[in-house]
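Listed below, chain by chain, are the residues.
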Amino acid sequence: MKIAVYPGTFDPITNGHVDIIKRSAKLFDKIIVTVAVNTQKIPLFNLTERAEMIHQVLKNEERIEVDQFDGLIAEYLKRVNASAMIRGLRAVSDFEYEFQMSLMNRKLNPDVETVFLTPAQEYIHLNSTIVKEVASFGGDVSEYVPDYVKAKLQEKFKK
Ligand code: ADP
């Protein structure tokens, strides 16, 4: 069974992430969407909230699991027996960092390949940060996040 891991902060999960997950599911038998416990950015949603949103959004998809990871992703990949790590490539700006990371991860775990996928055109400019910014000012994010996430954003910014 070919297992791929899709790691990220998912603060929150957007339609861009969902697009990448669905594309990955065409290539692998099982996709583990794994949420970073520690992230350099201070997240708006805590770990449980981020994981729960992914759960809700993907609950009808078979072959997709939600998990969390702490520490080195290369170690996590070994532990779950993954043969690939999925990353989304949007603009040229993603490239440099992703390139370095994939080479470093190969050093740490030579058995895993990084697979880069590009989302549908309409999600190329989408990231969680911009969605949070728009939502914080009461803007409409319906096009960019699933309804469940939109509601959670509204809840968060109402407080
Ligand atoms: P972000 O970069 O939005 O803070 P994450 O850390 O959650 O998001 O990203 C996890 C992975 O998903 C990364 O490989 C990132 O490049 C990818 N990704 C994020 N948003 C998109 C998008 N709109 N289209 C394609 N890939 C994306």
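Residues numbered from 1 in each chain as written. Predicted model: local features only at pLDDT ≥ 70, side-chain atom pairs only at ≥ 80, totals over all residues. Heavy atoms only, no water.

## As for the overall build of the protein
For step 1, the next point in the chain: Within the protein, the secondary structure is distributed over 6 helices and 5 strands.
For step 2, the next point in the chain: Relative to a compact globule of 159 residues, whose C-alpha radius of gyration would be 15 Å, the protein shows 15 Å and is just as compact.
For step 3, the next point in the chain: Each principal axis of the C-alpha atoms in the protein carries an extent, and together these give about 45 × 30 × 30 Å.
For step 4, the next point in the chain: Looking at the protein as a whole, 45% of its 159 residues are labelled buried.
For step 5, the next point in the chain: Put simply, of all contacts in the protein between residues at least 6 apart along the chain, 76% involve residues at least 24 apart.
For step 6, the next point in the chain: Each charge class in the protein can be summarised by its mean position, and for the 21 positive and 22 negative side chains these summaries are 2 Å apart. (Helix = DSSP H or I, 4+ residues; strand = E, 2+ residues; numbered from the N terminus. Rg over C-alpha atoms; globule rule 2.2 N^0.38 Å. Buried < 20%, exposed > 50% of the residue type's maximum accessible area, 1.4 Å probe, protein only. Contact = heavy atoms within 4.5 Å. Lys, Arg positive; Asp, Glu negative; His and termini not counted. Charge placed at Lys NZ, Arg CZ, Asp CG, Glu CD.)

## Structural notes on the site of the ligand
For step 1, the next point in the chain: Taken together, 19 residues lie around the ligand, and Tyr6, Phe10, Gly88, Tyr123 and Leu126 are the ones closest in.
For step 2, the next point in the chain: Between the ligand and the protein, one listed contact pairs an oxygen atom with a side-chain N or O atom of arginine 90 at 3.0 Å.
For step 3, the next point in the chain: Notes on the ligand: free accessible area 530 Å², of which the protein chains cover 93%.
For step 4, the next point in the chain: Counting residues per element, the ones that place at least two in the shell around the ligand are β1 (3-8), α1 (15-27), β4 (84-88) and α4 (92-108).
For step 5, the next point in the chain: Looking at the shell around the ligand, its residues break down into 7 nonpolar, 7 polar and 5 charged. (Near = heavy atom within 4 Å. Polar contact = N/O pair within 3.5 Å; in protein donor to acceptor, adjacent residues only side chain to side chain. Areas by Shrake-Rupley, 256 points an atom, 1.4 Å probe, with all protein chains shown as cover. Nonpolar A, V, L, I, M, F, W, Y, C, P; charged D, E, K, R; others polar.)

## Here we look at the packing of aromatic side chains
For step 1, the next point in the chain: As enumerated under the stated definition, the model contains 3 aromatic pairs in all.
For step 2, the next point in the chain: Ring geometry for phenylalanine 69 versus tyrosine 76: centroids 5.9 Å apart, planes at 50°, classification tilted.
For step 3, the next point in the chain: Judged by relative accessible area, which is 1%, tyrosine 76 ranks as buried. (Phe/Tyr/Trp six-rings, centres within 6.5 Å; stacked < 30°, edge-to-face > 60°.)

## Observations concerning unusual backbone geometry
Trans peptide bonds make up most of the peptide bonds, and negative phi angles are found at most residues other than glycine.
For step 1, the next point in the chain: Each neighbour pair has its own omega, and for aspartate 11 with proline 12 the value is 0°, a cis peptide bond.
For step 2, the next point in the chain: Mapped onto the elements of the fold, proline 12 is located in the loop between β1 and α1.
For step 3, the next point in the chain: Of note in this structure, phenylalanine 10 is not a glycine but carries a positive phi near 50°.
For step 4, the next point in the chain: Here phenylalanine 10 shows up in the loop between β1 and α1.
For step 5, the next point in the chain: Overall, phenylalanine 10 belongs to the buried group, its relative accessible area being 2%.
For step 6, the next point in the chain: Even without a glycine there, the phi angle at arginine 63 is positive, about 70°.

## Quick look at the sheet that holds β1
For step 1, the next point in the chain: Pairing within the open sheet is parallel, and its 5 strands lie in the order β3-β2-β1-β4-β5. Looking at strand neighbours, the two that pair on one side only are β3 (64-69) and β5 (113-117), the edges of this open sheet. Ignoring which end each strand starts from, the neighbouring axes of this sheet average 30° apart.
For step 2, the next point in the chain: For β1 and strand β2 (residues 30-36), the ladder comprises 6 bridges, and the chain directions are parallel. Residue proline 7 lies in a different strand from β2, and its bridge partner there is threonine 34. (Pairing = 2+ DSSP bridges. Axes fitted to C-alpha atoms, helices over the stretch in contact; angles between N-to-C directions.)

Interpretation note: all reported values are geometric properties and have no functional meaning in isolation.
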